[in-house]
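# A structural walkthrough
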Amino acid sequence: MGFESLQHNFLTGQLENLVRWARKSSMWPATFGLACCAIEMMAAGAADFDLSRFGMEVFRASPRQADLMIVAGRVSQKMAPVLRQVYDQMMEPKWVISMGVCASSGGMFNNYAILQGVDQVVPVDVYAPGCPPGPQTLMHAILTLHEKVRTGEILQRRELSGAGASIELSGENRGYARTDAAIRPVYLGTPK
Amino acid sequence: MPSNFFGGFKVSFKQIFEPRVTTSYPNQKRPKAPRLHGRHVLNRYEDGMEKCIGCELCAGVCPADCIYVRGLDNPPDHPVSPGERYGYIYEINYLRCIHCDMCVEACPTEAITESKLFEFSFTSRADAIYTKEELVVDDEGRPKHQPWEDWREGEDLHTSGWMRATAPGGASEYEGVISWSGELGYGKRAPEAGQSDNRDDEATGNFLLKDISADHIPVEFGGSVR
């Protein structure tokens, strides 16, 4: 049966593109506000910046219903297992944004109490710099993640970026990963 | 209770006629404060020489230890900076930098200042370490744009507001007195708006936040929100 015999108009698309589009358009973040970055995250969700424009205004209190974890704030050593457990409870596919310098690398708290980068515990997709990042910086990170979701694979989505929880600490890349030309970050283009 | 039931709807429907306050970020940016601390730039003199002398004062004062500088003697035949030494390694880790501007205050040659860019994010840790090639301004004196940064029209013009807002030595009688060196592409810049009257808002791109974001400020504080 060809398309000629169909009586109604319809829309076709690659299933992969539709899945990516659906994932990027309704990404529900889990609440993981730990410090002052959470205030900026709340500001991004409020009316002035309005995260619901991206279909993600519901910060889920339950990790089962969330597919994005925005780690907002410094992660203490005591909080790290909790964070990992919340991450493990989230359903696949799931993504992590490390918001702010404390979550990304410990920031100015270079001491024994603070985890020096949340990517030692969970694999991080996008890092948002700033102390704290403003709502627009968080939205830039979210849009970068959207771009990553839109262009990435739907099944094997996490690329070997040399960073994150799967970091390899052997050989000449010990402790520091060069970005390969093939896995340069996708970027948020200038809007029309 | 029907009256209470409809009372809730009344609150919701009243909001339809209120002015819209949302800044739809990818399409427009909210105006930045004139002295916002954003991504750093390394400035150059008007003749193209770099201002950084590799003294490592910025690295010493940095509370987050995010700056790594190494100085080297200038090559005698083609010096990079005027004077004896120049910074041949200059790296800032933006996953540590808290944008406190202490490096800008410590810098003796006004080499490092902060631009107003704050919309950037990285997908790997290696991208977050800006090297000297990415931080030094280009031949027109503008900051170089990286593909993961979201620059808009005119945002790269005013990159050193905070440094020129206060008196360089801290003494109030010198506020607004031009005592800084010229910059590549701009020459000697006018003072930012400090507490004195010696200011040039046209040249420095200064404005009052109250004027720009009147939609967000209630009427009793001079805005337009009722």
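## A closer look at the overall build of chain B
Along its length, chain B carries six helices and five strands. Listing each helix as α and each strand as β along chain B from the N terminus yields α-β-α-β-β-α-β-β-α-α-α. Going through the 226 residues of chain B one by one, you find that 46% of them count as buried. Excluding contacts between residues fewer than 6 apart, the proportion of contacts in chain B whose partners are at least 24 apart in sequence is 65%.

## Let's talk about helix α2 (residues 37-45) of chain A
Residues and elements named next belong to chain A. The complete set of buried residues in α2 reads C37, A38, M41 and A44. The buried residues of α2 occupy an angular sector of 110° when projected down its axis, which confines them to one face. More than 90 degrees from the buried face of α2, the exposed residues found are I39 and M42. Contact partners of the buried residues in α2: β2 (68-72), β3 (95-99), α4 (100-105) and α5 (135-151).

## What to know about the sheet that holds strand β2 (residues 67-73) of chain B
Residue and element names in this part refer to chain B. If you walk across this open sheet you meet the three strands as β2-β3-β5, and the pairing is antiparallel. The open sheet has two edge strands, β2 and β5 (129-130), and neither has a second partner. Relative to strand β3 (residues 85-93), β2 runs antiparallel, the two being bridged by seven bridges. Directly across from G71, in β3, lies its bridge partner G87.

## Some details on the pairing of β3 of chain A
Each regular strand shows side chains that alternate between the opposite faces of the sheet. All names here are of chain A. β3 sits mainly inside the fold: five of its five residues count as buried. A two-sided burial pattern is seen for β3, the buried positions comprising W95, I97 and M99 on one face and V96 and S98 on the other. Pairing of β2 with β3, which is carried by five bridges, proceeds in the parallel orientation. Within β3, the position partnered with I70 by the bridge is I97. Regarding topology, helix α3 (residues 80-89) serves as the crossover connection from β2 to the parallel β3, and that connection is right-handed.

## A few points about the interface of chain B and chain A
With 36 residues of chain B at the interface, the matching set in chain A holds 43 residues. Here chain B and chain A share two salt bridges between them. Between R125 of chain B and D119 of chain A there is a salt bridge, and its shortest N-O distance comes to 2.8 Å. At the junction of chain B and chain A, the tally comes to 16 residue pairs in polar contact (both at pLDDT 80 or more). For the side of chain B that touches chain A, the per-class residue count stands at 16 nonpolar, 10 polar and 10 charged.

Thresholds, definitions, all that
- Residues numbered from 1 in each chain as written.
- Chains lettered and ligands numbered in written order.
- Predicted model: local features only at pLDDT ≥ 70, side-chain atom pairs only at ≥ 80, totals over all residues.
- Heavy atoms only, no water.
- Helix = DSSP H or I, 4+ residues; strand = E, 2+ residues; numbered from the N terminus.
- Buried < 20%, exposed > 50% of the residue type's maximum accessible area, 1.4 Å probe, protein only.
- Contact = heavy atoms within 4.5 Å.
- Arc of directions from axis to C-beta.
- Pairing = 2+ DSSP bridges.
- Right-handed = clockwise from strand over helix to strand, strands pointing away.
- Salt bridge = Lys/Arg side-chain N within 4 Å of Asp/Glu carboxyl O.
- Polar contact = N/O pair within 3.5 Å; in protein donor to acceptor, adjacent residues only side chain to side chain.
- Nonpolar A, V, L, I, M, F, W, Y, C, P; charged D, E, K, R; others polar.

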